[in-house]
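Each chain, written out:
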Amino acid sequence: MVGITHQPKPGGHVNADGVWDLLRNKGKMTAFSLCLLLCADLLDLAVGYLTVTIEPLPPVVVGETVTLKCNFKTDGRLREIVWYRVTDGGTIKQKIFTYDAMFNTNYSHMEDYRRREDLVYQSTVRLPEVRISDNGPYECHVGIYDRATREKVVLASGNVFLTVMSPPNNISVVAENTPAPFSRYQAQNITLLCTAKGGKPAPSVYFKRDGELIEVISYSQPSSSEQVGGGSAGVRGARPLISRDLDDTKLQRSLSLLDPEARSSRLNTDIPQRVHTQGQQAHEPSPATEVIPETVVSREFPRWVHSTDPLYYFSHTHVPQSDGSVVVQARLTWTLNPQLDNDALFSCEVKHAALSMPMQTEITLAAPKGPKLMMSPTRAKVGDTVRIAVKGFQNDVFPEPLFTWTRVGGRLLDGSTEREGRELILERVPAELNGSMYRCTAQNPLGSTDTHTRLIVFENPSMMKNTQNPNNGACQKDVLGLMWMALVLTVTVEMT
């Protein structure tokens, strides 16, 4: 009676039992068949079996501890277990840990100062405080002795990929193309640049205004019309973005700056110093006749108002770093409306898989107001070097303002008409500058502020002494000469 069992699949492995079943099915037991059966039994006995598997790892965050576990099954005698780190796309395999079963020892192949691996068990390695550089594939190689020769080693391996995530460690917001002058007559674009560094993989970056997500128009490269600011809005049409743009108080404030002839009325915080009229240049009062305090602040506001809501354009770039992290730069561009955007709160938020909640940084758009000027020395004397510097404002100013220095009614000491920077330096001031008035203009795309200060120069006693000493010596010499002449004349008269 012949028993029927399963037939082997084409190309499948047939062990000794399979050969026996195959021969029984065919009902033939030839000498060749017996030899084949015997060889299969010997081969199975000599080689044995060895399988290696590694459980996949979930993504880990920088600083966490990772355990690499190598699972293997064999009926042979264990020779060694070696862990490799694979780099350069698999072309380089670097040993990181070895377990020698013959001597029951384990050791690390890393240098002492970089040794961080711990052997938990024969086939398990722990990496404490993983770094971004630990990201990549790892392999576990297991070797057993060949049963036939006892000198050869049969190898099997498994691999696993370790994904190390790193949250951004720094985010910042700046205004591009600053400092920039303020224009009262022409609309200007403003671009906020948010930079997130240290993230792996790249985080997602987005902007909010007054706590509300901004609806944006994504683009890759800004077109010429977008750079100008007005053309794209006309093509796409106005789009309502957020409720703050429709704030009635802001709109009324904007419209109140326009007179019936669509010209802005001046709004000064103190005594006005300049009166601008259409088609005329600013007239500066004569410093010899004007009555002016030591410091005067005046503010300038735009002479135009948006009739539509702004469109926000958004773009971002990814810059890979050598350590595997990515620097993300996100840009938000729109046509600025100082009446509506002044005091607006913008925030940049960054989401990342390694963060439990988004990172955030905030900035408030604000025009410069009330610059504080400091003069050093406080009592300047003839010949001193005088420094006039801006030491702050009555409010936080963003974007960074542009500072311009001018002298009212004349040129600066070096002959120039104006200077830029936070500080004006007057070297070896002469007495002629006593009472001169200097103007510091602080301006950013939201507004402009003028601050005046008067330079008072006192006499320098040391310089007067130095200049008077030579004259006094000459006078003394003249007096002595006259006395000698008078004495000679007197003696001559008496002798005659």
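Structure first, text after, so check above.
Given the structure is predicted, the values throughout are model-derived calculations rather than measurements. (Residues numbered from 1 in each chain as written. Predicted model: local features only at pLDDT ≥ 70, side-chain atom pairs only at ≥ 80, totals over all residues. Heavy atoms only, no water.)

Enquirer: Hey, could you run me through the sheet that holds strand β20 (residues 345-351) in this one?
Expert: In sheet architecture, strand pairing relies on hydrogen bonds along the backbone and comes in two forms, parallel and antiparallel. Across the sheet, which stays open at both edges, the four strands sit in the order β15-β14-β20-β21 with antiparallel pairing between neighbours. Every interior strand has two partners, whereas the edge strands, β15 (212-213) and β21 (359-364), have only one. Two strands pair when backbone bridges link them, and strand β14 (residues 204-209) and β15 are joined in this way by two bridges, in the antiparallel orientation. For Lys208, the partnering residue across the bridge sits in β15 and is Leu213. (Pairing = 2+ DSSP bridges. Helix = DSSP H or I, 4+ residues; strand = E, 2+ residues; numbered from the N terminus.)

Enquirer: Explain the state of the cysteines to me, please; I cannot follow it from the model alone.
Expert: What is meant by a disulfide is a covalent connection between two cysteines, made through their sulfur atoms. Counted under the stated rule, the structure contains two disulfides. Put simply, Cys70 and Cys140 are joined by a disulfide, and their sulfur atoms are 2.1 Å apart. Note on the Cys70 and Cys140 pair: the S-S dihedral is about -90°, so by sign convention the disulfide is left-handed. In this pair, Cys70 sits in strand β3 (residues 66-74) while Cys140 sits in strand β9 (residues 136-145), placing the two residues 70 residues apart along the sequence. A relative accessible area of 0% means that Cys140 is categorised as buried. Paired through a disulfide, Cys194 and Cys348 show a sulfur-sulfur distance of 1.9 Å. Of note, the bridge from Cys194 to Cys348 carries an S-S torsion of about -80° and is left-handed in sense. Taken together, the positions of Cys194 in strand β13 (residues 189-199) and Cys348 in strand β20 put the pair 154 residues apart, joining distant regions of the chain. The same class applies to Cys194 and to Cys348, which are both buried. Ordinal numbering of bonded cysteines along the chain defines a disulfide pattern of 1-2, 3-4. (Disulfide = S-S within 2.5 Å. Buried < 20%, exposed > 50% of the residue type's maximum accessible area, 1.4 Å probe, protein only.)

Enquirer: What is the right way to look at the packing of aromatic side chains in this model?
Expert: How two aromatic rings sit relative to each other is set out by the distance from centre to centre and by the angle between their planes. Counted according to the given criterion, the structure contains five aromatic pairs. With a centroid separation of 5.3 Å and 45° between ring planes, the pair formed by Tyr312 and Trp334 is classed as tilted. In this pair, Tyr312 sits in the loop between β17 (295-300) and β18 (313-320) while Trp334 sits in strand β19 (residues 326-335), placing the two residues 22 residues apart along the sequence. The buried category is assigned to Tyr312, whose relative accessible area is 1%. (Phe/Tyr/Trp six-rings, centres within 6.5 Å; stacked < 30°, edge-to-face > 60°.)

Enquirer: Any chance you could explain the environment of Lys69 here in plain terms?
Expert: With respect to the secondary-structure elements, Lys69 resides in strand β3. A relative accessible area of 43% places Lys69 in the partly exposed class. Separated by 15 residues in the primary sequence, Lys69 and Ile54 place their C-alpha atoms 6.2 Å from one another. Apart from the residues within four sequence positions on either side, Lys69 is in contact with Thr53, Ile54, Glu55, Trp83, Ser123 and Thr124. (Contact = heavy atoms within 4.5 Å.)

Enquirer: Would you mind showing me how to read the pattern of salt bridges here?
Expert: Once their charged atoms are close, side chains differing in charge can pair, the charge on each being opposite to the other. Here the structure, examined in full by the defined rule, presents eight salt bridges. Close ionic contact of Arg331 with Glu176 constitutes a salt bridge, the shortest N to O distance being 2.9 Å. Here Arg331, found in strand β19, pairs with Glu176, found in the loop between β12 (170-175) and β13; they are 155 residues apart in sequence, far enough to count as distant. Of the residues examined, Glu176 reaches a relative accessible area of 25% and is grouped as partly exposed. Between Arg419 and Asp414 there is a salt bridge, with the nearest N and O atoms lying 2.5 Å from each other. (Salt bridge = Lys/Arg side-chain N within 4 Å of Asp/Glu carboxyl O.)

Enquirer: Sorry, what's going on with the nonpolar core here?
Expert: For soluble globular proteins, the rule of thumb is that nonpolar side chains tend to be buried together. Judged by nonpolar contacts, the single largest core of 27 residues is most densely connected at Leu192, Val205, Phe207, Trp334, Phe346 and Leu365. Taken together, the elements giving at least two residues each to this core come down to β12, β13, β14, β19 and β20. Here this core takes five residues from β19, the largest share from any one element. Setting aside residues up to four positions removed in sequence, Phe207 forms contacts with Leu192, Cys194, Leu213, Ile214, Phe314, Ala330, Arg331, Leu332, Ser347 and Cys348. With 24 residues, the next largest nonpolar core counts Val60, Tyr99, Cys140 and Leu162 among its residues. (Core = buried A, V, L, I, M, F, W, Y, C linked by side-chain atoms within 4.5 Å.)

Enquirer: How do you make sense of the environment of Gly158 when you look at a structure like this?
Expert: Within the secondary structure layout, Gly158 lies in strand β10 (residues 153-162). Sequence separation between Gly158 and Cys140 is 18 residues, and the spatial gap between their C-alpha atoms is 5.4 Å. Once residues within four sequence positions are removed from consideration, Gly158 is found in contact with Val52, Ile54, Tyr138, Glu139 and Cys140.

Enquirer: Please clarify how the environment of Gln394 should be interpreted in this entry.
Expert: In this fold, Gln394 is placed in the loop between β24 (386-392) and β25 (402-407). Sequence separation between Gln394 and Pro368 is 26 residues; the distance between their C-alpha atoms is 8.2 Å. If we ignore the near neighbours within four places in the chain, the residues touching Gln394 are Lys369 and Gly370.

Enquirer: When you look at the side chain of His141 in this model, what are you seeing that I'm missing?
Expert: Tracing the sequence through the fold places His141 in strand β9. At a separation of 2.8 Å, a polar atom in the side chain of His141 contacts the side chain of Glu139. Setting aside residues up to four positions removed in sequence, His141 forms contacts with Glu80, Ile81, Val82, Tyr84, Lys93, Ala156 and Ser157. (Polar contact = N/O pair within 3.5 Å; in protein donor to acceptor, adjacent residues only side chain to side chain.)

Enquirer: How do you make sense of the pairing of strand β1 (residues 50-54) when you look at a structure like this?
Expert: Moving residue by residue along a regular strand, the side chains alternate between the two faces of the sheet. By the alternation rule, side chains of β1 split into Leu50, Val52 and Ile54, which are all buried, and Thr51 and Thr53, of which none is buried. Bridge count between β1 and β3: five bridges; the pairing is antiparallel. In the sheet register, Thr53 faces β3, and the bridge partner there is Asn71.

Enquirer: I keep staring at the sheet that holds β19 and nothing clicks. Help me out?
Expert: Taken together, five strands build an open sheet; the order of strands is β12-β13-β19-β18-β16 and the sheet is mixed. Bordering the open sheet on either side are β12 and β16 (217-218), each of which pairs with just one other strand. Sheet topology places β12 next to β13; six bridges connect them, and they run antiparallel. Looking at the pairing, Ile171 lines up with Ala196 of β13.

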